[in-house]
Amino acid sequence: MRVYQFSEQPYFPGWDKHSGTLRVTFPNRICDPRVAADLFHRYYDEYQLTDELGLDIMLNEHHQSATCMSSAVVVGLAVLARITKNARLLVLGYPIGHRPDPLRVAEELSTIDVISRGRLDMGFIKGIPYEIAASNRNPVELMDRFWEAHDFILKAMTTHDAVFNWEGEFFQYRQVNVWPRVWQEPHPPVWSTTGSSSQARVLGERGYVMATLGTGYGTRKIYDAYRKAYVAKFGKAPGADRFAYLGLVAVAHDQDEARRRGDLIAGYLRTSPIVSLPFRNPPGYLPPEDNARLMRGEAPPRTFTKAGRVISMQYASVDDLIDSGVLFCGTPNEVYDQIVDFCGHCGGMGNLLMMGQGGELTHAQTVDNLTLFAREVYPRLQEFKQPDAEEAAKAVAA
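Scope of this entry: the structure provided in the associated data block. For clarity, every value in this text was computed on a predicted model and none was experimentally measured.

Before going further, it helps to spend a moment on the overall build of the protein chain. Across its full length, the protein chain holds 15 helices and 13 strands. The C-alpha radius of gyration computed for the protein chain amounts to 20 Å, which stays within 12% of the reference 21 Å derived for 398 residues, consistent with globular compactness. Going through the 398 residues of the protein chain one by one, you find that 58% of them count as buried. Taking contacts inside the protein chain between residues at least 6 apart in sequence as the whole, the part at least 24 apart equals 73%. Element-wise, carbon and sulfur atoms account for 52% of the exposed surface of the protein chain, whose accessible area totals about 16,800 Å². Of note, the protein chain has its 42 positive side-chain charges centred 2 Å away from the centre of its 47 negative side-chain charges.

Right, dumping it as structure tokens:
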């Protein structure tokens, strides 16, 4: 198993100053640039420690939000490509359906891949509904735009002997010739995220690494949809390395301290949904089946325990979050057992996207959290034998 440390790099000092939203219309006057600078340096220090501890690194991008200051993720990637030495750098993700210029994306990511000497993982994502207004996109055509941008970026990264022109529905280019060329051949690995079975099938047909975020013990259904599509396309079962899961992680030798850390990290879950109503679900952003799941309470911000009990991640207790597999929390032994149990339930999961810093967790707590995990949990996870991939695929077929 690989473990990627993740933080949304929040501006938590402003969280108590909102009046119903922390995104889109939350005024940036609340942000003190001096405080933001201190926080950015702190987060980069923690990522540098992550590299030194032998873990990998994940960054993301959101906009107009006090819950995530990483609004230009290529900046963070560029910094970390230079100051880290060994960690894979996963960007999960790049909302390419929103971006106006996929050629620029291809150039940015190719450059990062070269600076890092081949340590980039490319996570292309649809983006979240709150950012439709800011990007001035039509939500109905967002996925078509996403896949055209995706196809163009990969062609730009893999064309080396001649320039080409591109005449698409959304993008038109002349004399495409990306310099520098990518380090990894034919291109850096592609990842994407989803919370729905329909999109999981699309990703399975492409063989990309699929990540789910906050899907708890409902994750197995999504993984199985991927498995079925993957087997149909490739004639074999996907390995555990094709699956990733974002989980909050709080570890300490003292159980009470671990729970305190878990409660602080869960501030991420409690603040992310604080958004003005008009921006929460733009018409056309979700397909009808996903809107139906949302209304039935079968999608985040709601999730499931192993017993099938529905919980709200925004209001859940630490115990509920542990029971749902959203939070792995406790002593090193307890956290290891929780992660292994979750892997078994999912039929295999080879990439843990670990939110080891979230909410108002302090720098000292984060350093201890990451260090304990890296030294006392991660070595055992690396030795853990994943469930048999063929058996998991057969269970789906049956």
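With that settled, consider the packing of aromatic side chains. Here the structure, examined in full by the defined rule, presents 16 aromatic pairs. Arranged with centres 5.0 Å apart and planes meeting at 65°, the rings of Tyr 226 and Phe 243 form a pair that is edge-to-face. With Tyr 226 in helix 7 (residues 219–234) and Phe 243 in strand 9 (residues 243–251), this pair connects stretches of sequence that are 17 residues apart. The same class applies to Tyr 226 and to Phe 243, which are both buried. In this structure an aromatic cluster arises from ring pairing among Tyr 223, Tyr 226, Tyr 230, Phe 234 and Phe 243. Over the aromatic face of Tyr 336 sits the side chain of Arg 380, whose NZ or CZ is 4.0 Å from the ring centroid.

Considering all chains together, one arrives at 21 salt bridges under this definition. A salt bridge links Arg 261 to Asp 368; the nearest nitrogen and oxygen atoms lie 2.8 Å apart. Placement of the pair is Arg 261 in helix 8 (residues 255–265) and Asp 368 in helix 13 (residues 363–376), with a sequence separation of 107 residues. Among the ionic pairs, Arg 309 bridges to Asp 320, the shortest N-O distance being 3.1 Å.

Examined against the element boundaries, Arg 270 turns out to sit in helix 9 (residues 267–271). For the pair Arg 270 and Ser 312, spaced 42 residues apart in the sequence, the C-alpha separation amounts to 9.6 Å.

Residues Leu 109, Phe 124, Leu 352, Leu 353 and Phe 373 are the most contacted members of the largest nonpolar core, which totals 107 residues. The contact partners of Leu 352, leaving out residues within four places of it in the chain, are Met 1, Arg 2, Val 3, Tyr 4, Tyr 245, Gly 247, Val 249, Phe 328, Ile 339 and Phe 373. Ranked by size, the runner-up nonpolar core spans 11 residues in total, among them Phe 12, Trp 15, Phe 26 and Tyr 43.

With that out of the way, let us pick up the state of the cysteines. Note on terminology: disulfide describes a covalent bond linking the sulfur atoms of two cysteines. Under the criterion given, the structure shown has zero disulfides. Here Cys 329 is not cross-linked by a disulfide; its sulfur's nearest cysteine counterpart is in Cys 343, at 17 Å. This cysteine, Cys 346, is not joined by any disulfide, and Cys 343 carries the nearest cysteine sulfur, 6.9 Å off.

Next up on the list: the packing of helix 6 (residues 197–206) against helix 7. Between helix 6 and helix 7, the shortest axis-to-axis distance is 7 Å and the interhelical angle comes to 35°. Crossing of helix 6 against helix 7: the hand is right-handed. Every residue of helix 7 that contacts helix 6 at Ser 197, Ala 200, Arg 201, Leu 203, Gly 204, Glu 205 and Arg 206 is listed here: Lys 221, Ile 222, Ala 225, Tyr 226, Ala 229, Tyr 230, Lys 233 and Phe 234.

Here we take up the packing of helix 1 (residues 33–52) against helix 2 (residues 73–83). Relative orientation of the contacting elements helix 1 and helix 2 amounts to 45°, with a least axis distance of 11 Å. In terms of orientation, helix 1 lies oblique with respect to helix 2. As for the relative orientation of helix 1 and helix 2, their crossing is right-handed in sense. On helix 2, the residues touching Tyr 44, Tyr 47 and Gln 48 of helix 1 are Val 75, Gly 76, Val 79, Leu 80 and Ile 83. In the contact of helix 1 with helix 2, the residues fall into six nonpolar, two polar and no charged.

Attention shifts here to the pairing of strand 4 (residues 120–124). Of all the five residues making up strand 4, five are buried; the element is thus mostly covered by neighbouring parts of the structure. Of the two faces of strand 4, the one carrying Leu 120, Met 122 and Phe 124 and the one carrying Asp 121 and Gly 123 are both buried. Following the chain from strand 3 (residues 89–94) across helix 3 (residues 102–115) to the adjacent parallel strand 4, one finds a crossover that is right-handed. Here strand 4 runs beside strand 7 (residues 190–193); their pairing, made up of two bridges, is parallel.

Here we come to helix 1. If you check helix 1, its first and last C-alpha atoms are 29 Å apart, about what 20 residues at 1.5 Å a residue would give, namely 28 Å. When helix 1 is considered as a whole, its buried residues turn out to be Ala 36, Leu 39, Arg 42, Tyr 43, Tyr 44, Glu 46, Tyr 47, Leu 49, Thr 50 and Asp 51. Where helix 1 is buried, its residues contact strand 1 (2–6), strand 2 (56–59), helix 2 and helix 13. The backbone nitrogen of Arg 34 has a side-chain oxygen 2.9 Å away, supplied by the residue at the start of helix 1, namely Asp 32. Where helix 1 ends, the next residue or the one after it, Gly 54, has phi of about 90°, a positive value.

Looking now at the side chain of Gln 9. Topologically, Gln 9 is positioned in the loop between strand 1 and helix 1. According to the relative accessible area criterion, Gln 9 is buried, its value standing at 1%.

Time to look at the environment of Thr 331. Summarising the element assignment, Thr 331 is placed in the loop between strand 12 (327–330) and helix 12 (332–346). Measuring from C-alpha to C-alpha, the distance between Thr 331 and Glu 257 comes to 9.3 Å, with 74 residues separating the pair along the chain.

A separate point is unusual backbone geometry. Glycine aside, residues mostly have negative phi angles, and peptide bonds mostly take the trans form. Look at the link from Leu 92 to Gly 93: it is a cis peptide, with omega at 15°. Structurally, Gly 93 is set in strand 3. Between Glu 185 and Pro 186 the backbone carries a cis peptide bond, its omega angle lying at 0°. Positionally, Pro 186 belongs in the loop between strand 6 (172–176) and strand 7. Of note in this structure, Gln 64 is not a glycine but carries a positive phi near 55°. Summarising the element assignment, Gln 64 is placed in the loop between strand 2 and helix 2. Positive phi outside glycine occurs at Arg 117, with the angle close to 60°. Mapped onto the elements of the fold, Arg 117 is located in the loop between helix 3 and strand 4.

What counts, and at which threshold
- Residues numbered from 1 in each chain as written.
- Predicted model: local features only at pLDDT ≥ 70, side-chain atom pairs only at ≥ 80, totals over all residues.
- Heavy atoms only, no water.
- Helix = DSSP H or I, 4+ residues; strand = E, 2+ residues; numbered from the N terminus.
- Rg over C-alpha atoms; globule rule 2.2 N^0.38 Å.
- Buried < 20%, exposed > 50% of the residue type's maximum accessible area, 1.4 Å probe, protein only.
- Contact = heavy atoms within 4.5 Å.
- Areas by Shrake-Rupley, 256 points an atom, 1.4 Å probe, with all protein chains shown as cover.
- Lys, Arg positive; Asp, Glu negative; His and termini not counted.
- Charge placed at Lys NZ, Arg CZ, Asp CG, Glu CD.
- Phe/Tyr/Trp six-rings, centres within 6.5 Å; stacked < 30°, edge-to-face > 60°.
- Lys NZ or Arg CZ within 6 Å of the ring centre and 35° of its normal.
- Salt bridge = Lys/Arg side-chain N within 4 Å of Asp/Glu carboxyl O.
- Core = buried A, V, L, I, M, F, W, Y, C linked by side-chain atoms within 4.5 Å.
- Disulfide = S-S within 2.5 Å.
- Axes fitted to C-alpha atoms, helices over the stretch in contact; angles between N-to-C directions.
- Left-handed = near helix turned anticlockwise from the far one by under 90°.
- Parallel < 35°, antiparallel > 145°, perpendicular 65-115°, else oblique.
- Nonpolar A, V, L, I, M, F, W, Y, C, P; charged D, E, K, R; others polar.
- Right-handed = clockwise from strand over helix to strand, strands pointing away.
- Pairing = 2+ DSSP bridges.
- Expected span 1.5 Å × (residues − 1).
- Polar contact = N/O pair within 3.5 Å; in protein donor to acceptor, adjacent residues only side chain to side chain.

What is shown is where atoms sit, not what they do.
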